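For reference, the chains in residue letters:
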Amino acid sequence: MMEDPTSKYPKPPFEKQSQPFPGLANAMRPKPDHGEVSYKGSGRLAGRKALITGGDSGMGRAAAIAYAREGADVAINYLPDEEDDAKEVISLIEAEGRKAFALPGDLRDEFFCEKLIANSVSVLGGLDILVNNAGRQQQAQSILDITTDAFDATMKTNIYAMFWLTKAALKHLKPGAVIIQTTSEQAYDPSANLVDYAITKAAAMNFTKSMAKQLASRGIRVNGVAPGPIWTPLQVCGGATMEKLENFGGDAPMGRPGQPAELASIYVQLADPLASYATGQVYGSAGGGGQP
Ligand code: NAD
Ligand code: MG
């Protein structure tokens, strides 16, 4: 059935809302769509073993559901406060007859990142797909409002964790394995109030390209996804001002924000062995705006 993408999902204005960091998808109004009902698989990732950070909500959750429906076993990492969201994802994966593993913990810690990879390999029986998706975004009107601690938390979550997890994963990744970063339109066109965050998304885009070159000869592909405004907890727990939230996605040519479900097939495509010549690429999804 043909569907008009402009009217497929909610448009602004949205209700005022805010949650303490890291926020829950379940408590958002309207609830985001992660493809719980709509995503249909066709065996594209049969037998693969995936670790997805931030797999409890947002793009990570959409990717987790899609990967399971494509035949992969999936481990998800998230913060302990997100247990309620994570539980739903675990049951959705298990409902597909796939193995699901919940591995909560704080990625700002190098030792934890190493342990997370080791634990994923041990429970999954290997690792073929690493999705570096977890992220911290706290808007600040002025650079004077960004404390060293806040700056450090953003760098640790968005850059160091990607570095630590990738290093640790490399010991286990075999030819045919893939690494996927969630970067952002902010990597190319940073907002005035997202200085620290935008730096990290540019870093993730750049890391994707250097690592693709470094790992091509090993048969490991490295790609990224660059979302535009997507309706996720990150935006309601300090990521956006209330004004921006009420009109969220309203400036996109599509006139609405994206839903995580609309990006699920991109994470699948980049992991699919049929895309074997695609590496060092960043796939944008921003409703008509954004780059690349
Ligand atoms: P989200 O809140 O659903 O996901 C972010 C996840 O990061 C959280 O679920 C949490 O589990 C994880 N996280 C944060 N700090 C952590 C820590 N210290 N340790 C472990 N996990 C931690 O929101 P989302 O929008 O789906 O975010 C996923 C990715 O998408 C992020 O990298 C974000 O930067 C990126 N992104 C989001 C948008 C958007 O508009 N929502 C746009 C572009 C890029
Ligand atoms: Mg979450």
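Analysis parameters
- Residues numbered from 1 in each chain as written.
- Chains lettered and ligands numbered in written order.
- Predicted model: local features only at pLDDT ≥ 70, side-chain atom pairs only at ≥ 80, totals over all residues.
- Heavy atoms only, no water.
- Pairing = 2+ DSSP bridges.
- Helix = DSSP H or I, 4+ residues; strand = E, 2+ residues; numbered from the N terminus.
- Axes fitted to C-alpha atoms, helices over the stretch in contact; angles between N-to-C directions.
- Patch = residues over 30% accessible without salt bridge, like charges linked within 9 Å, V, L, I, M, F, W, Y side chains within 5 Å.
- Areas by Shrake-Rupley, 256 points an atom, 1.4 Å probe, with all protein chains shown as cover.
- Salt bridge = Lys/Arg side-chain N within 4 Å of Asp/Glu carboxyl O.
- Buried < 20%, exposed > 50% of the residue type's maximum accessible area, 1.4 Å probe, protein only.
- Near = heavy atom within 4 Å.
- Polar contact = N/O pair within 3.5 Å; in protein donor to acceptor, adjacent residues only side chain to side chain.
- 1 Å grid on protein atoms, 1.4 Å probe; cavity = no way out; pocket = protein on both sides within 12 Å on 5 of 7 lines; lining within 4 Å.
- Points joined across faces, edges and corners; volume = space filled by probe spheres on them.
- Nonpolar A, V, L, I, M, F, W, Y, C, P; charged D, E, K, R; others polar.
- Right-handed = clockwise from strand over helix to strand, strands pointing away.
- Expected span 1.5 Å × (residues − 1).

Sheets are built from strands paired through backbone hydrogen bonds, the pairs being either parallel or antiparallel. Read from one edge of the open sheet, 7 strands run β3-β2-β1-β4-β5-β6-β7, paired in parallel fashion. The outermost strands of the open sheet, each flanked by one partner alone, are β3 (100-102) and β7 (282-285). Mean inter-strand twist for the sheet, computed between neighbouring axes without regard to direction, equals 15 degrees. Direction of pairing for strand β6 (residues 221-227) relative to β7: parallel, over a ladder of 4 bridges.

Together, Ile143, Leu144, Phe151, Val195 and Ile199 make up an exposed nonpolar region whose accessible area comes to about 500 Å². As for its position among the elements, Val195 is in helix α5 (residues 195-215). Residue classification places Val195 among the partly exposed residues on the basis of a relative accessible area of 35%.

Now for the site of ligand 1. Taken together, 31 residues form the shell around ligand 1, and within it Ser57, Glu82, Asn133, Tyr197 and Thr232 come nearest. Contact distances for ligand 1 include 2.8 Å between an oxygen atom and a side-chain N or O atom of Asp56. Contact with the protein chains removes 98% of the 810 Å² of surface that ligand 1 exposes when unbound. Within the residue set of the shell around ligand 1, elements represented by two or more residues are α1 (58-69), α5 and α6 (233-239).

The subject of this paragraph is empty space enclosed by the protein. As enumerated under the stated definition, the model contains 1 cavity of 30 Å³ or more in all. By volume, the largest cavity amounts to about 100 Å³. Looking at the largest cavity, it is lined by 14 residues, and the ones nearest its centre are Asn132, Ala134, Thr157, Asn158 and Met162. If you list the elements that add at least two residues to the lining of the largest cavity, you get α4 (148-170), β5 (178-182) and α5. With 5 residues, α4 is the single largest residue contributor to the lining of the largest cavity. Per-class residue counts for the lining of the largest cavity are 6 nonpolar, 7 polar and 1 charged.

This part is about the pairing of strand β2 (residues 73-77). A regular strand places its side chains on the two faces of the sheet in alternate fashion. Burial analysis of β2 places 5 of its 5 residues in the buried class, which makes it a mostly covered element. Bridge analysis of strand β1 (residues 49-53) against β2 gives 5 bridges, and the strand direction is parallel. Note that in β2 the partner of Leu51 across the bridge is Ala75. After leaving β1, the chain enters α1 and then returns to the sheet as β2, a path that is right-handed. Pairing of β2 with β3 involves 3 bridges; the strand directions are parallel. For Val74, the partnering residue across the bridge sits in β3 and is Ala100. At this point the chain moves from β2, through helix α2 (residues 83-95), to the parallel β3, and the crossover so formed is right-handed.

We now examine α1. In a regular helix each residue adds 1.5 Å, so 12 residues correspond to 16 Å; α1 covers 17 Å between its end C-alpha atoms and thus fits that length. Taken across its 12 residues, α1 has 12 buried, putting it largely inside the fold. Among the residues of α1, those classed as buried are Gly58, Met59, Gly60, Arg61, Ala62, Ala63, Ala64, Ile65, Ala66, Tyr67, Ala68 and Arg69. Directly after α1, the chain includes Gly71, whose backbone phi takes a positive value near 100 degrees.

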